[in-house]
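# Coordinates in review
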Amino acid sequence: MQKPIQVASQSKHRGRVVDVCSDRLRFANGLEYEVDMIRHPGAAAVVAVDDQRRVCLVRQYRHGIEDFLWEIPAGKLDAGEPPAIAAVRELAEETGVTARHWEPLGVFLPAPGLMTERVHLYMALRLEKGTAAPETDEELEQQWVPLEEAMRMVIDGRLDDGKTALALVRAHGRLQA
């Protein structure tokens, strides 16, 4: 198989965070198709694990589902910002936590058929707790949950957020090794 070639792109909407485009792709068989694509700058998300093997979860409102979700701390990359720097920043802003040890846990692709977003996953260890300083548009509740309980929450559907579920599974596996 060969990757299709993008032959055209038309911006449909430029938002505060994302751009919506219609791209025209030419496939190896010569046929061309239109695809809608949401361009997103990417994000970083952190599984913070304390000395008692508890993970930090934050609860916040997510308008896309019109409800609150428990998630790991995460946020959008600023322009030109490396994902590892964004992870440190987001963990400190949302929770007040800093870490002396960081491990990458790979990437989560939320909806590759629709958007370019890549969420870079990290595990933070050897933590120091401080005071959170969330952005003005963030209203967060924080909870520390034993990692094994967080894994049960993923399995039984109490944690539905994809990046959170994948990052917790990867962190759990890394800590078992």
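This structure is a prediction, so every number in the text was calculated from the model and none was measured. (Residues numbered from 1 in each chain as written. Predicted model: local features only at pLDDT ≥ 70, side-chain atom pairs only at ≥ 80, totals over all residues. Heavy atoms only, no water.)

Further remarks concern the packing of aromatic side chains. A full pass over the atoms with the stated rule returns three aromatic pairs. Arranged with centres 5.4 Å apart and planes meeting at 75 degrees, the rings of F27 and Y33 form a pair that is edge-to-face. By relative accessible area, Y33 is classed as partly exposed at 42%. With a centroid separation of 6.5 Å and 75 degrees between ring planes, the pair formed by W102 and Y122 is classed as edge-to-face. In this pair, W102 is assigned in strand 8 (residues 97-108) and Y122 in strand 9 (residues 119-129), connecting sequence segments 20 residues apart. Stacked on the ring of F68, the Lys or Arg R59 has its end atom at 4.3 Å from the ring centre. (Phe/Tyr/Trp six-rings, centres within 6.5 Å; stacked < 30°, edge-to-face > 60°. Buried < 20%, exposed > 50% of the residue type's maximum accessible area, 1.4 Å probe, protein only. Helix = DSSP H or I, 4+ residues; strand = E, 2+ residues; numbered from the N terminus. Lys NZ or Arg CZ within 6 Å of the ring centre and 35° of its normal.)

Our focus in this paragraph is helix 2 (residues 147-156). Side chains three or four residues apart in an α-helix point the same way, a direct result of the helix having 3.6 residues per turn. Among all positions in helix 2, only L147, A150, M151, M153 and V154 are buried. One face of helix 2 carries all of its buried residues, which in axial projection span an arc of 155 degrees. For helix 2, the secondary structure elements touched by its buried residues are strand 5 (54-62), strand 10 (141-146) and helix 3 (162-176). (Arc of directions from axis to C-beta. Contact = heavy atoms within 4.5 Å.)

We now examine the nonpolar core. Core analysis: the biggest nonpolar cluster contains 26 residues, and V47, V55, L57, L121, L159 and L168 have the highest contact counts within it. If you list the elements that add at least two residues to this core, you get strand 4 (43-48), strand 5, strand 8, strand 9, helix 2 and helix 3. When residues of this core are assigned to their parent elements, the largest contribution, five residues, is made by helix 2. Ignoring anything within four residues of it in the chain, the contact list for L159 reads L57, W70, A150, M153, V154, T164 and L168. Among the nonpolar cores identified, the runner-up in size contains 14 residues, and A44, L77, A99 and A124 belong to it. (Core = buried A, V, L, I, M, F, W, Y, C linked by side-chain atoms within 4.5 Å.)

Once that is clear, we can look at the side chain of D50. Looking at where D50 falls in the secondary structure, it is placed in the loop between strand 4 and strand 5. Here K129 takes part through its side chain, which lies 3.5 Å from a polar atom of the side chain of D50. Not counting residues up to four positions away in its chain, the partners in contact with D50 are L127, K129 and W144. (Polar contact = N/O pair within 3.5 Å; in protein donor to acceptor, adjacent residues only side chain to side chain.)

Spatial relationships are all this shows, so hold off on functional conclusions.
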